[in-house]
Amino acid sequence: MKKTAIVLSIIATGSAALAHGGVKNRDVLARMEVMSAIGQQMKVIGSMAKGEADFDADAVNAALIEIAAQSAQVPAMFETPATDPKSEALPVIWEQWDRFTEDAREAETVAERLAGSVSAPSDLGPVLGQLGATCKACHATYRE
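## Quick notes on the pattern of salt bridges
Under the defined criterion, the tally for this structure stands at one salt bridge. For E88, the salt bridge identified is with R143, shortest N-O distance 3.1 Å. Of this pair, E88 sits in the loop between α3 (57-77) and α4 (92-95) while R143 is found in the segment after α6 (124-142), placing the two residues 55 residues apart along the sequence. The exposure class assigned to E88 is partly exposed, which follows from its relative accessible area of 38%. Relative accessible area serves as the criterion here: at 36%, R143 is assigned to the partly exposed category.

Here's what the structure looks like:
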């Protein structure tokens, strides 16, 4: 199972590199990489939830720890209101900075709380629901 998670991570990393091609602003690229890392870990969990990968509680809990760690970086990644034609970040981030950072910290908090709690495939739906809600809260307002 760990091999599957590693293969999925490599595939996602390659896809992220292609998606970030042409980004000229280093600050924008750095935050895109953080967001991609979160997305990669969500894919690890999602692939198990969909039955596309065998369930591995250790891999899910490790993914949750990584999501929390990457989410903790989000506010710092957006402190500079950098722009780039490839960026999907909306200017409202800096107009609603306090709310944005609260939403980012909520993702970190939820992932931290869930880390270590997954022991069965039936845990995956609730985990994805809770984490997905934090992602959606930010993306709906702050992303193109």
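## Notes on the packing of helix α5 (residues 97-114) against α6
The interhelical angle for the contact between α5 and α6, taken along N-to-C directions, is 170 degrees, at an axis separation of 10 Å. Here α6 runs roughly antiparallel to α5, going by the angle between their axes. Judged by the twist between their axes, the crossing of α5 over α6 is left-handed. Contact residues: α5 offers R99, F100, D103, A104, E106, A107, V110, A111, R113 and L114, while α6 offers V127, Q130, L131, T134, A137, C138, T141 and Y142. A class-by-class count of the residues in the contact of α5 with α6 yields eleven nonpolar, three polar and four charged.

## As for the environment of K50
Structurally, K50 is set in the loop between α2 (26-49) and α3. Taking relative accessible area as the criterion, K50 reaches 63% and is therefore assigned exposed. For the pair K50 and L124, spaced 74 residues apart in sequence, the C-alpha separation works out to 9.4 Å.

## Quick notes on the packing of aromatic side chains
Counted under the stated rule, the structure contains four aromatic pairs. Between the aromatic rings of F78 and W94, the centroid separation amounts to 6.4 Å while the plane-to-plane angle is 40 degrees, which identifies the pairing as tilted. Residue F78 is found in the loop between α3 and α4, and its partner W94 is found in helix α4; the two are separated by 16 residues along the sequence. Using a relative accessible area of 6% as the deciding quantity, one classes F78 as buried.

## Quick notes on the nonpolar core
Counting 29 residues, the largest nonpolar core has I45, L64 and L131 as the members making the most contacts within it. Within the residue set of this core, elements represented by two or more residues are α2, α3, α4, α5 and α6. The biggest single contributor to this core is α3, with seven residues.

## A closer look at α3
The first and last C-alpha atoms of α3 sit 30 Å apart over 21 residues, in line with the 30 Å expected at 1.5 Å per residue. Of all the residues in α3, the buried ones are A57, A59, V60, N61, A63, L64, I67, A68, Q70, S71, V74 and P75. Near the N-terminus of α3, the side chain that reaches the backbone nitrogen of D58, with its oxygen 3.0 Å away, is that of D56.

## Things to note about the side chain of Q70
Examined against the element boundaries, Q70 turns out to sit in helix α3. Beyond its immediate stretch of four places on either side in the chain, Q70 contacts V34, A37 and I38.

Conventions adopted
Residues numbered from 1 in each chain as written. Predicted model: local features only at pLDDT ≥ 70, side-chain atom pairs only at ≥ 80, totals over all residues. Heavy atoms only, no water. Salt bridge = Lys/Arg side-chain N within 4 Å of Asp/Glu carboxyl O. Helix = DSSP H or I, 4+ residues; strand = E, 2+ residues; numbered from the N terminus. Buried < 20%, exposed > 50% of the residue type's maximum accessible area, 1.4 Å probe, protein only. Axes fitted to C-alpha atoms, helices over the stretch in contact; angles between N-to-C directions. Parallel < 35°, antiparallel > 145°, perpendicular 65-115°, else oblique. Left-handed = near helix turned anticlockwise from the far one by under 90°. Contact = heavy atoms within 4.5 Å. Nonpolar A, V, L, I, M, F, W, Y, C, P; charged D, E, K, R; others polar. Phe/Tyr/Trp six-rings, centres within 6.5 Å; stacked < 30°, edge-to-face > 60°. Core = buried A, V, L, I, M, F, W, Y, C linked by side-chain atoms within 4.5 Å. Expected span 1.5 Å × (residues − 1). Polar contact = N/O pair within 3.5 Å; in protein donor to acceptor, adjacent residues only side chain to side chain.

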